[in-house]
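# Results of the structural survey
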Amino acid sequence: MTYYEPRLNLTEVDPSTNQWELTVEIYYPAGETGQAVSDTVTGGRREIVVDVINNPVFQHDHLVTSTRTYTRQTGENEVVVTVKKDGKKKGQGIIAYHFSSSSAA
């Protein structure tokens, strides 16, 4: 894995309520980790920003995995996770919504 490049997995949880589960994996070097600082839906995108922060508790390179359930908004068709360090983009992952079942005609 490359530092700061998020790997994303988006799974439909409940079609009746439009609930989706997003799993994000980000690999950090020793002495750093991340924290989500924003989550907004603009147009057809859910944009999540993760800031890299210093944290000496992490003495080795490490993978951080987080999972969260979202209600998909009308018109929302993809999720973008951007990792920033000192205000500069270090990595980005994009995933489109997909459906686990087909709709009847």
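Here's a quick rundown of the structure. (Residues numbered from 1 in each chain as written. Predicted model: local features only at pLDDT ≥ 70, side-chain atom pairs only at ≥ 80, totals over all residues. Heavy atoms only, no water.)

### Description of unusual backbone geometry
Its identity is not glycine, yet Tyr 4 carries a phi of approximately 70°, on the positive side. Positionally, Tyr 4 belongs in the segment before β1 (7–14). Owing to a relative accessible area of 9%, Tyr 4 belongs among the buried residues under this scheme. Within the chain, Asn 18 stands out as a residue other than glycine whose phi angle is a positive 60°. Structurally, the position occupied by Asn 18 is in the loop between β1 and β2 (19–28). On the basis of relative accessibility, which here comes to 27%, the residue Asn 18 falls in the partly exposed class. (Helix = DSSP H or I, 4+ residues; strand = E, 2+ residues; numbered from the N terminus. Buried < 20%, exposed > 50% of the residue type's maximum accessible area, 1.4 Å probe, protein only.)

### Some remarks on the packing of aromatic side chains
Scanning all chains against the criterion turns up 4 aromatic pairs. Note on Tyr 4 and Tyr 28: the rings are 6.2 Å apart at their centroids and 75° apart in plane angle, and the pair reads as edge-to-face. Of this pair, Tyr 4 sits in the segment before β1 while Tyr 28 sits in strand β2, placing them 24 residues apart in sequence. Centroid distance Trp 20 to Tyr 97: 4.9 Å. Interplanar angle 85°. Geometry classified as edge-to-face. A residue pair is termed long-range when its members are at least 10 positions apart, and Trp 20 in strand β2 and Tyr 97 in the segment after β7 (88–96) qualify at 77 residues. We classify Tyr 97 as buried; its relative accessible area is 9%. (Phe/Tyr/Trp six-rings, centres within 6.5 Å; stacked < 30°, edge-to-face > 60°.)

### Here's the deal with the pattern of salt bridges
Summed over the entire model, instances satisfying the criterion amount to 6 salt bridges. Notably, a salt bridge pairs Glu 78 with Arg 45, separated by 2.6 Å at the nearest N-O pair. In this pair, Glu 78 sits in strand β6 (residues 78–85) while Arg 45 sits in strand β4 (residues 45–54), placing the two residues 33 residues apart along the sequence. By relative accessible area, Arg 45 is classed as partly exposed at 31%. (Salt bridge = Lys/Arg side-chain N within 4 Å of Asp/Glu carboxyl O.)

### Description of the nonpolar core
By size, the foremost hydrophobic cluster in this structure holds 17 residues, and its most contacted members are Leu 10, Leu 22, Ile 48, Val 50, Val 79 and Val 81. Looking at this core, the elements with two or more residues in it are β1, β2, β4 and β6. Top element by residues in this core is β2. It accounts for 5 residues. Discounting residues that sit within four places of it in the chain, Val 81 has contacts with Pro 6, Leu 8, Val 24, Ile 48, Val 50, Gly 91, Gln 92 and Gly 93. (Core = buried A, V, L, I, M, F, W, Y, C linked by side-chain atoms within 4.5 Å. Contact = heavy atoms within 4.5 Å.)

So yeah, pure geometry; function would need other evidence.
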